[in-house]
Amino acid sequence: MEPTRWLSDGEQEVWQRMLAVLTLLPAELDGQLQRDADLTHFGYGVLALLSETPGRSRRMSELAALVNGSQSRLSHLVGRLERQGWVRRERADDDGRGSVAVLTDAGYAHLAASAPAHVALVRSLVFDALTPTQVAQLGEITAALLARLSPTGGCPAPASRRGSASDGS
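Overview of the structure. The shown structure was predicted, so the numbers you read here are calculated from the model rather than taken from an experiment.

## Points about the sheet that holds strand β1 (residues 57–59)
- Read across the open sheet, the 3 strands follow the order β1-β3-β2; overall the sheet is antiparallel. Two strands in the sheet have a free side with no partner beyond their single neighbour: β1 and β2 (87–91). Adjacent strand axes in the sheet meet at a mean angle of 25°, parallel and antiparallel pairs treated alike.
- By the bridge criterion, 5 bridges tie β2 to strand β3 (residues 99–103) in an arrangement that is antiparallel.

Shown next as structure tokens:
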């Protein structure tokens, strides 16, 4: 058995800061979205992914994988989004067994109305605090961490978000 490789004082300090960011940032993002848009950050992510997909629809199993959520959690969320009129479920055309989540026009309009305040908060909390060099470094760091944590990189392939309802987050 290999001896434990304890964190150095410097690594421990960085780790504690990272834990604080991982706790505080999601809470801030969730709070803003719940106050302003009646959405969780998870819900916003689902609507944003659907808005960027041709036909504004995705198979539920694919969507769960892309948003790093269980199928059960996604199903509960989509049920709530359905009651709000923002998403509807349909049977999958290809096999008739699976379900597809479809972003409605009302859901797209709600996402489009919600995006500016959300993006402003993301910019304020993250990007405005960093130099362009630090943003590039953060991109490299998060890519390296995601490569260890998720075989798919933990997020959908980057898409051009210019002009989409989910611009920037």
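## Let's talk about helix α5 (residues 105–125)
- The end-to-end C-alpha distance of α5 is 30 Å, a good match for the 30 Å that 21 residues give at a rise of 1.5 Å each.
- Of all the bends found along α5, the most pronounced is centred on Ala115 and spans about 35°, while Pro116, a proline, follows it within four residues.
- Among all positions of α5, only Gly107, His110, Leu111, Ser114, Ala115, His118, Leu121 and Val122 are buried.
- Tucked inside the fold, the buried residues of α5 contact α1 (9–37), α2 (41–51) and β3.

## Looking at α2
- Burial runs high along α2: 9 of the 11 residues are buried.
- Of the positions making up α2, those classed as buried are Phe42, Gly43, Tyr44, Val46, Leu47, Ala48, Leu49, Leu50 and Ser51.

## Observations regarding the pattern of salt bridges
- For the coordinates displayed, the defined rule picks out 5 salt bridges.
- Among the salt bridges present, the one from Glu62 reaches Arg58, with a minimum N-O distance of 3.3 Å.

## A word on unusual backbone geometry
- Phi at Arg56 takes a positive value of approximately 50°, unusual for a residue other than glycine.
- Position of Arg56 among the secondary structure elements: in the loop between α2 and β1.
- What makes Arg56 partly exposed here is its relative accessible area of 25%.
- Non-glycine residue Asn68 carries a positive phi angle of around 55°.
- Relative to the helices and strands, Asn68 is located in the loop between α3 (60–66) and α4 (71–83).

How each quantity is defined
- Residues numbered from 1 in each chain as written.
- Predicted model: local features only at pLDDT ≥ 70, side-chain atom pairs only at ≥ 80, totals over all residues.
- Heavy atoms only, no water.
- Pairing = 2+ DSSP bridges.
- Helix = DSSP H or I, 4+ residues; strand = E, 2+ residues; numbered from the N terminus.
- Axes fitted to C-alpha atoms, helices over the stretch in contact; angles between N-to-C directions.
- Expected span 1.5 Å × (residues − 1).
- Bend = angle between axes of the 7 residues up to and from the residue.
- Buried < 20%, exposed > 50% of the residue type's maximum accessible area, 1.4 Å probe, protein only.
- Contact = heavy atoms within 4.5 Å.
- Salt bridge = Lys/Arg side-chain N within 4 Å of Asp/Glu carboxyl O.

Honestly, it's all geometry; don't read function into it.
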